[in-house]
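# Tertiary structure, described
In case you want the letters, here they are:
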Amino acid sequence: LLGVGGGAGYAIASKVGPTELPQTVAAFHSLVGVAAAATAVGEYVHLTENGPAAIDAVTNTSLYLATWIGGITATGSVVAFGKLNGNLGSAPLQLSGRDQMNMAMGAASLGAFGLFLTNPSPETGLLCLGAATGLSGALGVHMTASIGGADMPVVITVLNSYSGWALCAEGFMLDNPLLTVVGALIGSSGAILTHIMCEAMNRDIMSVLLGGFGTRATSSGEAMVFEGEPTVVTPEMTSEMISDANSIIVVPGYGLCVAKGQYAIADLANKCTKDGKELMASIMQKDLTG
């Protein structure tokens, strides 16, 4: 199975171009979520062979969290893949009462969690895990669909963090320190990267984490009035500025990569080099000031 999975991963990754990496990562994150939920349910069935009372509170908590986080990671990653890959519309899903829907699913998940911790019968425990899977799956779909396509790169880092915490829960569940350490590393690094990206994109991290929570589903009132004079730069003016400049700095972003503008930048760099100009590419904005 390890060989089959490794071979399939290599074959898929070999066909992925640089601009398709975000949606590929999202697709693989969905598999992590499925694995976490399936492992938790399978472990619960194995442990309840000796009766539910044999399971301690830490293991029960880990079982439920692995199932719940795995479900939200799996479905949320599928939606993120669809938006990034163009299979789904990039516009955010703006259902009326979407915040209330998210809170209701969250409250129901907490209720199932409380019942699961009381060590019910194996049948009831499986129903609780099934409820966790269904509720978290629906929550992952709705929360991710409620976020616009422009924020999907940030959502990918959020889901990356979720997959790490699911792995960490599995480490507690299976009493495996390696899984716990690796899961904590992935979860924390994904959370830090999410914060950095939200700051760079001037996005509200809680709105991204909670699927647009707190934002209006429909706009009303008068449109915002912009004051001041805009600075307009036309393609002709850009050509003149490049012709007059001796040193040019290009700061590429994700949009330029998706639009395959790197080829045009490469042609521009060749022309500038032939004309004796210096053209540099800066990956991050802070490179310009640092």
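Note: the structure precedes this text.
Quick summary incoming for the structure in this document. (Residues numbered from 1 in each chain as written. Predicted model: local features only at pLDDT ≥ 70, side-chain atom pairs only at ≥ 80, totals over all residues. Heavy atoms only, no water.)

### Quick word on the overall build of the protein chain
Along its length, the protein chain carries 12 helices and 2 strands. Reading the protein chain from its N terminus to its C terminus gives the helix and strand order α-α-α-α-α-α-α-α-α-β-α-α-β-α. The burial tally for the protein chain puts 33% of its 290 residues in the buried class. If you take every contact in the protein chain between residues at least 6 apart in sequence, the share linking residues at least 24 apart comes to 78%. A total of about 16,800 Å² of accessible surface is found on the protein chain, and carbon and sulfur atoms cover 66% of it. (Helix = DSSP H or I, 4+ residues; strand = E, 2+ residues; numbered from the N terminus. Buried < 20%, exposed > 50% of the residue type's maximum accessible area, 1.4 Å probe, protein only. Contact = heavy atoms within 4.5 Å. Areas by Shrake-Rupley, 256 points an atom, 1.4 Å probe, with all protein chains shown as cover.)

### What about the side chain of Thr194?
Here Thr194 is to be found in helix α7 (residues 177-201). Judged by its relative accessible area of 3%, Thr194 falls in the buried class. Engagement of the side chain of Thr194 in a polar contact is seen with the backbone oxygen of Gly190, the distance being 2.8 Å. (Polar contact = N/O pair within 3.5 Å; in protein donor to acceptor, adjacent residues only side chain to side chain.)

### What about a nonpolar patch on the surface?
On the surface, Ile12, Phe28 and Leu31 cluster together to form a nonpolar patch covering roughly 270 Å² of accessible area. Within the secondary structure layout, Phe28 lies in helix α2 (residues 21-47). (Patch = residues over 30% accessible without salt bridge, like charges linked within 9 Å, V, L, I, M, F, W, Y side chains within 5 Å. Salt bridge = Lys/Arg side-chain N within 4 Å of Asp/Glu carboxyl O.)

### With respect to helix α6 (residues 152-174)
The terminal C-alpha atoms of α6, which comprises 23 residues, lie 32 Å apart, in line with the 33 Å expected from a rise of 1.5 Å per residue. Extensive coverage of α6 is indicated by the burial of 17 of its 23 residues. At the C-terminal side of α6, Asp175 shows a positive phi close to 55°. (Expected span 1.5 Å × (residues − 1).)

### Things to note about the packing of α6 against α7
With their axes 7 Å apart at the nearest point, α6 and α7 run at an angle of 160° to one another. Classified by the interaxial angle, the pair formed by α6 and α7 is roughly antiparallel. The way α6 lies across α7 gives a crossing that is left-handed. Of the residues contributing to the contact of α6 with α7, the split by class is 17 nonpolar, 12 polar and 1 charged. (Axes fitted to C-alpha atoms, helices over the stretch in contact; angles between N-to-C directions. Parallel < 35°, antiparallel > 145°, perpendicular 65-115°, else oblique. Left-handed = near helix turned anticlockwise from the far one by under 90°. Nonpolar A, V, L, I, M, F, W, Y, C, P; charged D, E, K, R; others polar.)

### Considering helix α11 (residues 262-274)
Its 13 residues give α11 an end-to-end C-alpha distance of 18 Å, which sits within 8% of 18 Å, the value for a rise of 1.5 Å per residue. Positive backbone phi, approximately 80°, marks Gly276, located one or two places after α11.

### Regarding the pairing of strand β1 (residues 247-250)
In summary, the side chains of a regular strand alternate between the two faces of the sheet. Judged by which residues are buried, β1 turns out to be one-sided: Ile248 and Val250 face inward and are buried, whereas Ser247 and Ile249, on the alternate face, are not. Pairing between β1 and strand β2 (residues 278-281): 4 bridges, direction parallel. Counted as the bridge partner of Ser247 is Glu278 from β2. (Pairing = 2+ DSSP bridges.)

### Section: the environment of Thr67
By the element assignment, Thr67 lies in helix α3 (residues 57-85). Residues Thr67 and Ala38 lie 29 residues apart in sequence; the distance between their C-alpha atoms is 7.5 Å. Leave out the neighbours within four places in its chain, and Thr67 touches Ala37, Ala40, Leu129, Ala132, Thr133 and Ser136.

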